[in-house]
Amino acid sequence: MTASLRLHEATRRCPKRMIHGPCGGVTIDGGCEVPGIRCSFVDEAAVLRHLEFSTAEVDAPDAARGSGDALPVLPRGEASTAFAALVEAGAVITADLPVRSVDPAVITEAGVRLRELTAVIAGEPPGVREALSPTHKALLLAAAGSRVVAGLTCRGRNRVALEGELAALADLGVSGVLAVTGDHPASTALPHAQPVFDFDATRLAALARRAGLFVAVAEQPSAPPVDYRPTRLARKAHAGAELGILNLCGDLAEIRRFTAALATTATPVPVLVSVPVLTSAATTRRLAALPGVGLPDELVMAVAGADDPGESGIAAAVAWAHRALAIPGVVGVHLSAIAAGATEPPDRADAAELAAVDALASAAARLRAVIAAETASIA
């Protein structure tokens, strides 16, 4: 069987219909994030080098262009230009939005508490039934004074819906978009939701660049096939991505190998290393259970049995992040936290989520202080 036919067959078997290789949810043993399935690409590593991105994959048909239905190609927006300059300067500190609440007041308060970061990356967590749209969350966070990179997934949107969100985000003037394929509903708390996956992250990155937005994408250095992962990120860069965010990976040596291999590709991009801010044994378990996540042993041990697990977790995260910043090709870190869990009544859940926000803000402030002191000593 030729390489193209083998890749086509792998796409046909993939629950997400990936065409640019395996997603980041591949387990260490080659399993798919969808239970009971083996990744259709993991055994085809030898032919993945034949994959290429073509702009024709995202070109609108002539009928759409003639009718005005095609997403217009826009110049780079002011906020995206400013964010690109911050990435080029380095020492970037971004963070997740660990808030699932649909209460605008809670999201706005989170934006106030995180506005000192380089950017808040407001992604779309898996299995959320009543999540606000990316544009709605971006509007609230921006009004609170935060710089926003809006997460946009393909799991529940066709091309028309994706283009609508991109147009709205460009009009709002967000700093950028994190283009991700998204978790399959079968691996989330909503397994009966209908998946869409009309596009994947690679093609979404190309669309987002055409919308005039700065584009970040995700990659998992430790997911099989490991040797292909740097090439996969480089192909996303070829499509339009300008920044890679490495998913939670427990091994700095693995990240060093990844960035070294990425530097040898035709389209290397700067990367952020994800750093977990663990505050309790419960949050550690919840974060570790997410698809494709690896946690550094030393950060897990810092929390386990500590008299003040929140303080120990933040201190350990800052120390680990500082070491990550020394890796060539790394221009910053992305802090991740998760609330202790759903509680009732809702105000207690909101309080837990804002506590996770505070942990991120504290870790970011301490890391900035470490970087500033180091810079001053060098000067």
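Residues numbered from 1 in each chain as written. Predicted model: local features only at pLDDT ≥ 70, side-chain atom pairs only at ≥ 80, totals over all residues. Heavy atoms only, no water.

- Taking an unreviewed UniProt entry as the reference, the protein is identified by name as Methylenetetrahydrofolate reductase belonging to Microbacterium hominis.
- The UniProt entry for the protein carries the following comment under Sequence similarities (unreviewed entry): "Belongs to the methylenetetrahydrofolate reductase family."
- Recorded in UniProt for the protein, the comment headed Catalytic activity (unreviewed entry) runs: "(6S)-5-methyl-5,6,7,8-tetrahydrofolate + NAD(+) = (6R)-5,10-methylene-5,6,7,8-tetrahydrofolate + NADH + H(+)". (UniProt positions renumbered as here; feature names shortened; annotations may be inferred.)

### Digging into the overall build of the protein
Point 1. Looking only at helices and strands, the protein has 13 helices and eight strands in total.
Point 2. For the protein, the spread of C-alpha atoms along the principal axes amounts to about 60 × 50 × 45 Å.
Point 3. A buried classification covers 52% of the 379 residues belonging to the protein. (Helix = DSSP H or I, 4+ residues; strand = E, 2+ residues; numbered from the N terminus. Buried < 20%, exposed > 50% of the residue type's maximum accessible area, 1.4 Å probe, protein only.)

### Section: the sheet that holds strand β5 (residues 215-219)
Point 1. Taken in spatial order, the eight strands of this closed barrel run β1-β2-β3-β4-β5-β6-β7-β8, and their pairing is parallel. Sheet twist, expressed as the average angle between the axes of neighbouring strands with direction ignored, equals 25°.
Point 2. In this sheet, strand β3 (residues 148-153) lies alongside strand β2 (residues 119-122) in parallel orientation, the contact comprising three bridges. Bridge pairing in β3 links A122 to A150.
Point 3. Along the sheet, helix α7 (residues 201-210) makes contact with β3, β4 (176-180) and β5, crossing β4 at roughly 160°. (Pairing = 2+ DSSP bridges. Axes fitted to C-alpha atoms, helices over the stretch in contact; angles between N-to-C directions. Contact = heavy atoms within 4.5 Å.)

### Digging into the nonpolar core
Point 1. With 84 residues, the main nonpolar core has L97, L114, L166, I255, V277 and L335 as its most contacted residues.
Point 2. The element that contributes the greatest number of residues to this core is helix α13 (residues 346-378), accounting for ten residues.
Point 3. In this structure I255 touches L246, C249, V273, W320 and I327, once residues within four positions along its chain are discounted. (Core = buried A, V, L, I, M, F, W, Y, C linked by side-chain atoms within 4.5 Å.)

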